[in-house]
Structures are given as structure tokens and as C-alpha cells.
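Remarks on the overall topology
The chain contents come next:
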Amino acid sequence: MPDTDRRDVALVLSGGGINGILLELGFLRRLSETPLWARVGWIYGTSAGALAGSMAALGRLDDLEEFLLGLSPEDAFRPRAVWQFPGGLHDYTLPATVAHRVGEPEELGLALARSEIELVVYATDVSDYPEGDEARDFELEYSSRKTEPDVMGRAILASAAISGLVLPIRLDGRIATDGGWVRNFPFEHAYRNPDVSAIAAFRYVASYPATNSAYLERTRERLERFRAVPPVRALLAEVRLAQERSSRGEPAHYGELIVRLMRVAFARNAVVEERIARDRDLSVEELRRLREDVVATAVGAAVPWRRRRLRAELESRFGSARFPFRHDRHVPTLIVRATTGELGLDPTFRGDTPWPDAVKRELIERGYKLTDEALAGSELAR
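Residues numbered from 1 in each chain as written. Predicted model: local features only at pLDDT ≥ 70, side-chain atom pairs only at ≥ 80, totals over all residues. Heavy atoms only, no water.

1. Things to note about the overall build of the chain
- Across its full length, the chain holds 14 helices and 10 strands.
- Looking at the chain as a whole, 47% of its 382 residues qualify as buried.
- Pairs at least 24 residues apart make up 74% of the contacts formed inside the chain by residues separated by at least 6 positions.
- Here the chain displays about 19,700 Å² of accessible surface, and carbon together with sulfur accounts for 53% of that area. (Helix = DSSP H or I, 4+ residues; strand = E, 2+ residues; numbered from the N terminus. Buried < 20%, exposed > 50% of the residue type's maximum accessible area, 1.4 Å probe, protein only. Contact = heavy atoms within 4.5 Å. Areas by Shrake-Rupley, 256 points an atom, 1.4 Å probe, with all protein chains shown as cover.)

Rendered as C-alpha cells:
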């Protein structure tokens, strides 16, 4: 693509937890080495993509790498004791970690407001609407150009509040949680921006190993010592049932069921988002060919003195047609779809499972290489 001083490129970053954000960092590293980087005017991000996008918009990829290499499970989500489950399965420690190591929410919001790149992040609205609202789409959008700095900083963290693990956050009069429920891959918003002429996107494709039920066995062993106590015997019976369910590949408990449903919702809306984008692009191209064929056929069949006016009338009619997409343009797009391969950190945030630096670095490098391969065959690199 020709060099230009315009900022006309959008980046799209999906959610993906610890594995996704490490791969995303590799994606951003590779893009930062291309002429596209100077043209980036917007970053659309959800969950992990919101955090990675904020650092990219501020030109702080080195700081992001340092932050991720120093991040441990308890720095993000600290498991709660079983009797505290009504308050959420985990304490959300990421906001305090980000504030301490990266910057306070208002500080980040102020810096983003001054950035040449507009950051747009997404959260899910779980506020109570007792009267109902047929227009409600449950999606909360926060732009660094339009949102107050303190709200913007907290919106990034709300977008990353994995709701299968922690309770939502009150944000600007709304109750907000992980944006992955409604927009895990915000590609559509980038495409609809009329000032965007090219899109580079990263989509994390999660794979999940079979659930490790060792923690259930440890729990059972500890409770066995107190099985003479009636309430403990009842709890032991529940643990045994949970082990049986786990051995059949079923969710062991409601917490695991919520996490599984969350994975389904996140994966499905990302797939649907891509499918819509692909179908829309096919429609754009087909409509262009149809327009040319209709105009050529009609004008060719008209008497010579009528052709010029007829062509103008037909072009005007096609030009005035309204569709639920920008049908008059094609937006060149690069989408990097990444899995962890044989790598991968435990995404369940159990505090007893460390995240080795070596694996983190390999995931960053994998994201870099996958992006390099995608660029080699992309029209964006020309």
C-alpha cells in the first residue's frame, strides 16, 4: 500500500486472557516494524485486547512486555475460600496490579486522551433494567476521545473483568463486566468507521485442555479427616459427586459450568463477527459487479441519444441505495488467527500454577511469527 501521512489504519484486538495478550504483544511487535504502524489511527480492543491496545496506543510496548513477564496468576485473580463464593470465585486483583506497575486509571485515561491514536474498548452491560428496553444491546463502548479519563481507565479494566471468575464493576452509572460476552472481537466497529481504509486484526483462538480435577481430590483428602462432623460428611458427598461428574467430562460444579458457557459465548461471537465480515465483503464485491453489469447492459440496449442520461440515472440510483453496510468500498484486511499451539499457560488463574517466563516469551515470539507469515501474503504489506 502507498505511503501516506494519514492515520487511516485500524487495529482490532480480541480478548484471550493471559495467552491471548502474550500472542497479541507479538502481533503488535511485528506490526510496529512495518509502515502500517505510523498510519494507525484507531485501536479497537476487548478484554485482554483492551489492555494491550491501551499500551500500544501510548507507544508502551516495552512496558507491556515487562508487565506481562512479571505477572503471576494472583496478580490478576486471587482464588477465594469456598465459603466466600457468593462474593465471586476470585478477587479481582488486576486493577491494583495495573495501578501499581503501569499507572492509575485516571493517569492512563489522561495519557490516552492525548494520544494520536484513539482507543475504543468494549464491556458488557449487566445493569438491571426492570422496565425492559427493546433497544438495549448490552454493549458498552468507551472511546478515549469521548470518555472522561478516570472512566476510560476503569473501562479498560472492566472490559477485562472475566465474569466467570469475578463480580462486575460499577462504571459511569452502569454495571460492567467482560466485553467478551457481547463483542470479543470488535471487527465490525472498525469496518463501519468511514475513515478507516485498512484493518489489521488479531483474533485469539482458544483451546482448552481437559479439566484437571486434582484439586477435587486434594479437597476430598482434607475433608476426610473431619468426616465425623455431619456438615463435613455432606460436603464430602458433594465433592465425590463432583469427581464423578468430572470423570465423565461434565462440569464438576456450577463455577466450571459458568466458565464453559463463557468460553462458548466468547468463541461464538468472534466466529459470527468474522462470518459477517466475510459475507459483507462478498456482498460488496458482488454488488459492484452487478452494478457494472446492469449499467452496461441497459446503456448498451438504449438508443444512442439516450445512453448518457440513462447511465447517469442508473449510477445515481445505485449510489443512493442504502444497505446496513458501507457497500461502496472494500476495506483491505489482515486477520491473524492465533492459538497457543503446544504452548499455553493455565488460564484458570489458580494461584498454585505459575506462569513460567520461558513460556511467556515463546508465546510472544509465536504471535510475532504468525503475524510475519500473515503479512507475507497480505495486500496490506504491499
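2. Quick word on unusual backbone geometry
- Not every positive phi belongs to a glycine, and S47 is a case in point at roughly 55 degrees.
- Relative to the elements of secondary structure, S47 occurs in the loop between β2 (40–46) and α2 (48–57).
- Of note in this structure, D172 is not a glycine but carries a positive phi near 55 degrees.
- Its location among the elements puts D172 in the loop between β7 (169–171) and β8 (174–178).
- For D172, a relative accessible area of 56% translates into the label exposed.

3. Observations concerning the nonpolar core
- With 70 residues, the main nonpolar core has I43 and Y142 as its most contacted residues.
- Broken down by element, this core gets its largest block of residues, 8 residues, from helix α1 (residues 17–31).
- Judged by nonpolar contacts, the second largest core, of 18 residues, contains Y122, A277, V284 and V331. (Core = buried A, V, L, I, M, F, W, Y, C linked by side-chain atoms within 4.5 Å.)

4. Digging into a nonpolar patch on the surface
- Taken together, the side chains of Y254, L257 and L261 define a hydrophobic patch exposed on the protein surface, amounting to about 340 Å² of accessible area.
- Relative to the helices and strands, L257 is located in helix α12 (residues 254–301).
- Owing to a relative accessible area of 32%, L257 belongs among the partly exposed residues under this scheme. (Patch = residues over 30% accessible without salt bridge, like charges linked within 9 Å, V, L, I, M, F, W, Y side chains within 5 Å. Salt bridge = Lys/Arg side-chain N within 4 Å of Asp/Glu carboxyl O.)

5. Concerning the packing of aromatic side chains
- All chains considered together, the criterion is met by 3 aromatic pairs.
- Note on F27 and F202: the rings are 5.6 Å apart at their centroids and 55 degrees apart in plane angle, and the pair reads as tilted. In this pair, F27 sits in helix α1 while F202 sits in strand β9 (residues 198–204), placing the two residues 175 residues apart along the sequence.
- You can call F27 buried: its relative accessible area is 0%. (Phe/Tyr/Trp six-rings, centres within 6.5 Å; stacked < 30°, edge-to-face > 60°.)

6. A few points about the packing of α1 against helix α3 (residues 61–69)
- Relative orientation of the contacting elements α1 and α3 amounts to 155 degrees, with a least axis distance of 11 Å. Taken together, the axes of α1 and α3 are roughly antiparallel relative to one another. For the crossing formed where α1 meets α3, the hand is left-handed. Residues I21, L22, L25, L28 and R29 of α1 lie in contact with α3, whose contacting residues are L61, D62, L64, E65 and L68.
- Class assignment for the residues of the contact of α1 with α3 results in 7 nonpolar, no polar and 3 charged. (Axes fitted to C-alpha atoms, helices over the stretch in contact; angles between N-to-C directions. Parallel < 35°, antiparallel > 145°, perpendicular 65-115°, else oblique. Left-handed = near helix turned anticlockwise from the far one by under 90°. Nonpolar A, V, L, I, M, F, W, Y, C, P; charged D, E, K, R; others polar.)

7. So, the pattern of salt bridges
- On inspection of all chains with the given rule, the structure shows 27 salt bridges.
- Close ionic contact of R30 with E33 constitutes a salt bridge, the shortest N to O distance being 3.6 Å.
- By relative accessible area, which is 15% here, R30 ends up buried.
- Two residues, E273 and R183, come together in a salt bridge whose shortest N-O distance is 3.0 Å.

8. What about the environment of E221?
- Within the secondary structure, E221 sits in helix α10 (residues 214–224).
- According to the relative accessible area criterion, E221 is partly exposed, its value standing at 45%.
- Spatially, the C-alpha atoms of E221 and L236 are 9.3 Å apart, while their sequence positions differ by 15 residues.

9. Examining the confidence of the model for the chain
- A residue-level look at the chain finds 89% of positions with pLDDT of 70 or above and a mean pLDDT of 84.
- Every residue in residues 82–88 scores below 50 in pLDDT, and together they form 6 contacts with partners more than four places removed in sequence or on other chains. (pLDDT = per-residue confidence, 0-100.)

10. Structural notes on the pairing of strand β6 (residues 139–143)
- With 4 of 5 residues buried, β6 is to be regarded as a mostly interior element.
- Where strand β5 (residues 118–125) and β6 come together, 5 bridges link them in antiparallel fashion. Following the sheet pairing, Y122 is matched in β6 by E141. (Pairing = 2+ DSSP bridges.)

11. Side note on helix α14 (residues 357–376)
- Spanning 20 residues, α14 covers 29 Å between terminal C-alpha atoms, matching the ideal 28 Å at 1.5 Å per step.
- Residues of α14 that are buried: V359, K360, L363, I364, G367, L370, T371 and L375. Relative to the axis of α14, the buried residues are bounded by an arc of 155 degrees and lie together on one face. Of the exposed residues in α14, the ones pointing more than 90 degrees away from its buried face are A358, E373 and A376.
- Looking at the buried side of α14, the elements it contacts are α1, α3 and β10 (333–338). (Expected span 1.5 Å × (residues − 1). Arc of directions from axis to C-beta.)

12. Points about the packing of α3 against α14
- One can describe the packing of α3 onto α14 by two numbers: an axis separation of 10 Å at closest approach and a directional angle of 145 degrees. Residue-level contacts link E65, L68 and L69 of α3 to D357, K360, R361 and I364 of α14.
- Residues of the contact of α3 with α14, tallied by class, amount to 3 nonpolar, no polar and 4 charged.

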